[in-house]
Amino acid sequence: MDNDSPREECGVIGIFAPNEDVARMAFFGLYALQHRGQEAAGIAVSNGVSIRMHKDIGLVSQVFMPQNLAPLQGHYAIGHTRYSTTGSSSARNAQPFLIETRYGPLAVAHNGNLINAATLRQELLDHGVGLSSSSDSEVITMMLAGAEGKTWNERLKNSMARWNGAYSLVILTRDGVLAVRDPWGFRPLSVGLLPSGGWAAASESGALRTLGCEAIREVQPGEIIALSNSALSVQQALPPAPRLARCVFEHIYFSRPDSFWDGQSVHHVRQKLGQALAEESLTQADVVIPVPDSSIPAAIGYAASSGIPYNDGFIKNRYIGRTFIQPTDSLRKQGVALKFNVIVENVLGKRVVMVDDSIVRGNTTGPLVRLLRQAGAREVHVRITCPPITHSCYMGVDMGSQEDLVACRMVVDEMRDRFGCDSLYFLSLESMLRAVGRTSGYCHACFTGSYPLAIDPTSVKTGFEKAIAD
Ligand code: SF4
């Protein structure tokens with residue numbers, strides 16, 4: 001529940017590094033992507049003949065120990081860190097998915113969500129294909145195994161034509177790693193050159209830099225990039241969609257601030273979001289504080305633009321874990337005080353601007369405001385770096401259902417009264433898009449309801465799980 005922001009998607013990593021310990025490299029890549037999913041992690045490695053894998057529920061550092069990394073020997077690796085976006089959190093949905101096919105072993109790790117997965121799943125079942133999980137990523141894996149084509153690239157291209165929605169994939173075959181991005185470009189995926197001369201692919205450029213990569217480039221929408229030689233092999237499998245739809249929330253919240261998304265520094269964009277917020281909603285105040293950590297750059301931008309001094313107001317306990325691991329709303333409310341302490345002397349008797357990245361369910365803002373008031377803040381003005389979230393996401397981000405969204409149930413004044421703050425302001429859509437540097441090319445459906453693809457509202461996150469239970 002990290003400050004009531006949308007719940008993350010997943011992180012993927014792919015490695016081609018002959019004569020290196022690829023499993024260990026994948027481990028550190030996943031470690032750098034831990035913020036994208038904390039429910040399960042897995043790594044699969046190919047030695048050119050067979051694929052071995054280890055995956056389990058838990059944080060990357062809990063799932064992997066030296067004794068279960070050691071057997072993962074080979075030249076090629078993929079890894080996944082999961083937050084469930086389709087299917088429940090059970091162990092059977094942990095990734096990668098590894099199967100044996102008529103073309104050899106195949107492992108798949110997926111970030112995103114197919115909006116037509118229910119239909120595709122039924123087709124597989126009708127053809128007698130057995131499924132062991134409730135995940136759309138298994139649907140992707142099984143479709144690939146049965147697809148027509150002489151090569152994995154051909155089979156992928158044929159399958160991509162049927163997949164609607166968000167998919168950034170890393171795919172491990174006996175003799176290579178493929179990095180694939182959907183034609184809309186919903187979720188990020190980049191590749192980079194390893195210091196040893198091999199290649200790595202990762203959800204975020206920040207993870208590639210952790211591995212020492214240079215020459216980092218995005219996998220473009222609709223591209224398949226093969227990492228199995230000294231030179232990358234790039235194929236434009238499908239043309240980019242006419243309406244590109246990069247998830248704007250990568251800038252607002254998901255990505256590490258040291259990552260680049262759409263060619264722009266996430267940290268820099270967040271500062272611009274804060275500046276825009278100050279221009280739109282300047283208020284008389286004594287101090288600007290962030291809700292750590294994702295709002296720090298925006299608060300710096302707000303302070304720089306407004307001339308109001310920046311300071312820390314909350315200290316976050318980084319070791320308590322992200323509070324969304326607590327399952328109920330009532331526990332989440334308690335979680336805020338467990339997670340944040342106020343630096344009393346920085347807010348006592350002061351008019352405080354509290355900058356946060358987003359409000360989803362609305363469970364956290366009120367308790368944070370209360371903490372500031374209890375610490376002696378004279379006024380609390382809440383500033384949010386995106387518009388009110390009024391629509392669910394079907395492309396791989398868990399916003400909850402429509403009725404969970406506080407901005408669906410209340411107008412801004414009602415939210416202000418509920419949170420107990422003196423004022424509440426959400427950045428306008430226009431200013432948000434200006435700050436990210438484009439007025440088109442981004443998905444902003446959770447603010448506007450303007451989905452880049454036709455959505456079947458029955459495609460809920462646990463729809464598959466229900467099908468299995470039924
Ligand atoms: Fe991202 Fe929102 Fe679009 Fe989902 S609906 S892909 S969270 S911008």
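Before any of the text, the structure's been laid out above.
First, a word on scope: everything that follows refers to the structure included in this document.

1. A closer look at helix H9 (residues 266-281)
Owing to its 3.6 residues per turn, the α-helix aligns residues three or four sequence positions apart on the same side.
So, step 1. With 16 residues, H9 ought to run about 22 Å at 1.5 Å a step, and its terminal C-alpha atoms sit 22 Å apart, in line with that.
So, step 2. Residues of H9 that are buried include every one of Val 266, Val 269, Arg 270, Gln 271, Leu 273, Gly 274, Ala 276, Leu 277, Ala 278 and Ser 281, and no others.

2. Considering the pattern of salt bridges
A pair can form between side chains of opposite charge whenever their charged atoms are brought close.
So, step 1. According to the stated counting rule, one finds 15 salt bridges in the structure shown.
So, step 2. A salt bridge links Arg 217 to Glu 223, with the nearest nitrogen and oxygen atoms 2.4 Å apart.
So, step 3. With relative accessibility at 28%, the residue Arg 217 sits in the partly exposed group.
So, step 4. With a shortest N-O distance of 3.1 Å, Asp 417 and Arg 416 are connected by a salt bridge.
So, step 5. Taken together, the shared-partner salt bridges connect Arg 36, Glu 204 and Glu 250 into one network.

3. Focus: the packing of helix H4 (residues 117-126) against helix H5 (residues 136-146)
So, step 1. Contact geometry for H4 and H5: axes closest at 10 Å, N-to-C directions at 50°. Judged by the angle between their axes, H4 and H5 are oblique. Every pair of crossing elements has a handedness; the one defined by H4 and H5 is left-handed. Residues Ala 117, Leu 120, Arg 121 and Leu 124 of H4 touch H5, and the partners they reach there are Asp 136, Val 139, Met 142 and Met 143.

4. Details of the packing of aromatic side chains
So, step 1. Tallied over the full model, the rule gives 12 aromatic pairs.
So, step 2. Relative to Phe 28, the ring of Phe 27 lies with its centre 5.1 Å away and its plane at 85°, an arrangement referred to as edge-to-face.
So, step 3. Taken together, a centroid distance of 6.3 Å and an interplanar angle of 85° make the contact between Phe 27 and Phe 64 edge-to-face. Residue Phe 27 is located in helix H1 (residues 22-32), and its partner Phe 64 is located in the loop between helix H2 (60-63) and helix H3 (66-69); the two are separated by 37 residues in the primary sequence. One exposure class covers both Phe 27 and Phe 64, and it is buried.
So, step 4. Over the aromatic face of Trp 152 sits the side chain of Arg 155, whose NZ or CZ is 4.2 Å from the ring centroid.
So, step 5. Cation over ring: Arg 246 sits above Tyr 442, and NZ or CZ is 6.0 Å from the ring centre.

5. A short note on the sheet that holds strand S17 (residues 287-290)
So, step 1. Strand order in the open sheet formed by four strands is S17-S20-S21-S22, with parallel pairing between adjacent strands. Strand pairing shows two members of the sheet lacking a second neighbour, S17 and strand S22 (423-426), which therefore form its edges. Averaged over all pairs of adjacent strands, the angle between strand axes in this sheet comes to 20°, irrespective of strand direction.
So, step 2. With six bridges joining them, strand S20 (residues 351-356) and strand S21 (residues 379-384) adopt parallel strand pairing. Following the sheet pairing, Val 352 is matched in S21 by Val 380.
So, step 3. Against the sheet, H9 touches S20, S21 and S22, its axis set at about 125° to S22.
So, step 4. Its contacts with the sheet place helix H10 (residues 296-306) against S17, S20 and S21, and it is angled at close to 165° to S17.

6. Examining the sheet that holds strand S8 (residues 176-181)
So, step 1. Strand order in the open sheet formed by six strands is S5-S6-S7-S8-S12-S13, and the pairing between neighbours is antiparallel. Looking at which strands have only one partner, the edges of the open sheet turn out to be strand S5 (97-101) and strand S13 (233-236). Looking at each pair of strands side by side, their axes are set apart by 20° on average, direction ignored.
So, step 2. Of the strand pairs in this sheet, strand S12 (residues 223-227) and S13 are connected by four bridges, and their pairing is antiparallel. Within the sheet, the bridge partner assigned to Ile 225 lies in S13 and is Val 234.

7. Brief notes about unusual backbone geometry
Working note: non-glycine residues mostly have negative phi, and peptide bonds are mostly trans.
So, step 1. Here the residue pair Gln 95 and Pro 96 is connected by a cis peptide bond, since its omega of 5° sits within 30 degrees of zero.
So, step 2. Note that Pro 96 resides in the loop between strand S4 (76-82) and S5.
So, step 3. Of the consecutive residues Pro 292 and Asp 293, the connecting peptide bond is found in the cis state with omega at 5°.
So, step 4. Positionally, Asp 293 belongs in the loop between S17 and H10.
So, step 5. Residues other than glycine seldom take positive phi values, yet Asp 262 does so here, at roughly 60°.
So, step 6. Summarising the element assignment, Asp 262 is placed in the loop between strand S15 (260-261) and strand S16 (264-265).

Cut-offs applied
- Residues numbered from 1 in each chain as written.
- Predicted model: local features only at pLDDT ≥ 70, side-chain atom pairs only at ≥ 80, totals over all residues.
- Heavy atoms only, no water.
- Helix = DSSP H or I, 4+ residues; strand = E, 2+ residues; numbered from the N terminus.
- Expected span 1.5 Å × (residues − 1).
- Buried < 20%, exposed > 50% of the residue type's maximum accessible area, 1.4 Å probe, protein only.
- Salt bridge = Lys/Arg side-chain N within 4 Å of Asp/Glu carboxyl O.
- Axes fitted to C-alpha atoms, helices over the stretch in contact; angles between N-to-C directions.
- Parallel < 35°, antiparallel > 145°, perpendicular 65-115°, else oblique.
- Left-handed = near helix turned anticlockwise from the far one by under 90°.
- Contact = heavy atoms within 4.5 Å.
- Phe/Tyr/Trp six-rings, centres within 6.5 Å; stacked < 30°, edge-to-face > 60°.
- Lys NZ or Arg CZ within 6 Å of the ring centre and 35° of its normal.
- Pairing = 2+ DSSP bridges.

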